[in-house]
Amino acid sequence: MNKKPESVTNTPSERPMPNLRKRVTELAACNREQRRAIREWREGQLLYKTMYVESPVAIELCDARGRYVDMNQACLEMFGLSDIADQKWPAVLEDPIVPLSVRNSLKQGNSARYRISVDFDQLRNDHAYRGTRSGTAYFDVLAKPLRIKVGQSSTGYLLITQETTGLTKAEQRLRDYQKQLRSLASELSLSEERERRRLAADLHDELGQTLAVIKIKLGAIRRGGQSPVAGQQMED
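So, a few notes on the structure that sits alongside this text. Values in this document were obtained by computation on a predicted structure and should not be read as measured data.

### Some thoughts on the pattern of salt bridges
Pairing of side chains with opposite charge becomes possible as their charged atoms draw close.
Piece 1. Enumeration according to the criterion identifies 12 salt bridges in this entry.
Piece 2. Between Arg-67 and Asp-63 there is a salt bridge, with its nearest N and O atoms 2.7 Å apart.
Piece 3. Of the charged contacts in the structure, one is a salt bridge between Arg-130 and Asp-86, with a shortest N-O distance of 3.2 Å. With Arg-130 in the loop between helix H4 (120-125) and strand S4 (136-146) and Asp-86 in the loop between helix H2 (73-78) and helix H3 (100-107), the pair connects residues that are 44 residues apart, well separated along the chain.
Piece 4. A relative accessible area of 12% means that Asp-86 is categorised as buried.
Piece 5. A cluster of three or more residues bridged by salt bridges with shared partners is formed by Arg-113, Arg-115, Asp-140 and Glu-171.

### Observations regarding the packing of aromatic side chains
Piece 1. Enumeration according to the criterion identifies 5 aromatic pairs in this entry.
Piece 2. Between Phe-79 and Trp-89, the ring centres sit 5.0 Å apart and the planes meet at 75°, which makes this aromatic pair edge-to-face. Within this pair, whereas Phe-79 is found in the loop between H2 and H3, its partner Trp-89 is found in the loop between H2 and H3, the two being separated by 10 residues in sequence.
Piece 3. Residue class for Phe-79 comes out buried when judged on its relative accessible area of 4%.
Piece 4. Look at Phe-120 and Phe-139: their rings are 6.5 Å apart centre to centre, the planes differ by 85°, and that puts the pair in the edge-to-face class. One end of the pair, Phe-120, is in helix H4; the other, Phe-139, is in strand S4, with 19 residues separating them in the sequence.
Piece 5. Look at Phe-120 and you get buried, because its relative accessible area is 0%.
Piece 6. For Phe-139, a relative accessible area of 0% corresponds to the buried category.
Piece 7. Each residue in the set Tyr-68, Phe-79, Trp-89, Phe-120, Tyr-129 and Phe-139 is aromatic and connected to the rest through ring pairs, giving one cluster.

### Observations regarding unusual backbone geometry
Piece 1. Here the phi dihedral of His-127 falls at roughly 60°; this positive angle occurs in a residue that is not glycine.
Piece 2. Tracing the backbone through its elements, the reader meets His-127 in the loop between H4 and S4.

### Observations concerning the sheet that holds strand S3 (residues 112-119)
Piece 1. Read across the open sheet, the 5 strands follow the order S2-S1-S5-S4-S3; overall the sheet is antiparallel. Only two strands of the sheet have a single partner each, and these edge strands are strand S2 (68-71) and S3. Averaged over all pairs of adjacent strands, the angle between strand axes in this sheet comes to 30°, irrespective of strand direction.
Piece 2. Summarising the sheet, strand S1 (residues 58-63) and S2 pair through 3 bridges and their orientation is antiparallel. In the sheet register, Cys-62 faces S2, and the bridge partner there is Tyr-68.

### Examining a nonpolar patch on the surface
Piece 1. Taken together, the side chains of Val-57, Leu-142 and Ile-160 make up a nonpolar region of the molecular surface, amounting to roughly 190 Å² of accessible area.
Piece 2. Here Ile-160 lies in strand S5 (residues 156-163).

### A few points about the nonpolar core
Piece 1. In terms of nonpolar packing, the biggest core is built from 30 residues, with Trp-89, Tyr-114 and Leu-159 touching the most fellow members.
Piece 2. Among the elements of the structure, S1, S2, H2, H3, S3, H4, S4 and S5 are those that each provide at least two residues to this core.

### A word on the layout of surface pockets
Piece 1. In this model, the largest pocket occupies a volume close to 330 Å³.
Piece 2. If you trace the largest pocket, you find 22 residues lining it, with Trp-89, Asp-95, Ile-97, Val-118 and Leu-123 closest to the centre.
Piece 3. Among the secondary structure elements, those contributing two or more residues to the lining of the largest pocket are S3, H4 and S5.
Piece 4. The element that contributes the greatest number of residues to the lining of the largest pocket is S3, accounting for 5 residues.
Piece 5. Of the residues that constitute the lining of the largest pocket, the class distribution is 15 nonpolar, 3 polar and 4 charged.

Definitions and limits used
Residues numbered from 1 in each chain as written. Predicted model: local features only at pLDDT ≥ 70, side-chain atom pairs only at ≥ 80, totals over all residues. Heavy atoms only, no water. Salt bridge = Lys/Arg side-chain N within 4 Å of Asp/Glu carboxyl O. Helix = DSSP H or I, 4+ residues; strand = E, 2+ residues; numbered from the N terminus. Buried < 20%, exposed > 50% of the residue type's maximum accessible area, 1.4 Å probe, protein only. Phe/Tyr/Trp six-rings, centres within 6.5 Å; stacked < 30°, edge-to-face > 60°. Pairing = 2+ DSSP bridges. Axes fitted to C-alpha atoms, helices over the stretch in contact; angles between N-to-C directions. Patch = residues over 30% accessible without salt bridge, like charges linked within 9 Å, V, L, I, M, F, W, Y side chains within 5 Å. Areas by Shrake-Rupley, 256 points an atom, 1.4 Å probe, with all protein chains shown as cover. Core = buried A, V, L, I, M, F, W, Y, C linked by side-chain atoms within 4.5 Å. 1 Å grid on protein atoms, 1.4 Å probe; cavity = no way out; pocket = protein on both sides within 12 Å on 5 of 7 lines; lining within 4 Å. Points joined across faces, edges and corners; volume = space filled by probe spheres on them. Nonpolar A, V, L, I, M, F, W, Y, C, P; charged D, E, K, R; others polar.

See the structure below:
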């Protein structure tokens, strides 16, 4: 009786082993890549902390629609805020205090620089501000679109803001002084013209009176002839 051939089954130890060296090399490369990514992340965090969190310059971050999503400490202090939630300002792309030309330029992906005036009392009355500032302040703003890659649409906006209230008020005072000087110069010119006319009128009257006296005396001379009295009148 013929026996059937027995099937041969390899045990785990007898199966072909994978290329361990290749696998180890791949794992080592992956480990190096992870360490490099962690190092770059830490460097990015340090750069972020240095350039944004600890920056003495006021910086605001907006999303793609121009809504305010973050402010650094310098910005919060400048606006008198304890937290970004203490303000309910319109999105920068819709804010009427931002010039229309600037809003259009930002929507097209261009950077823009502009000046604005902020009435904190009015914002408080409109329930859009819960900070400590009051009155009107002036600011110079540089707005830059943020992109992940060149050519892509803006993913947000970065606003670098500097308060110029002191400078703006000084410029306004200077303009007021210049206006006052022009007004004084105009008034001085009018006064000089009035004085010239007065002097001319006085001189005209005095000359007229003198000529009238001379005419009277000449008439008397003609009537009286060359008498001692007439000679005396001529001398007078």
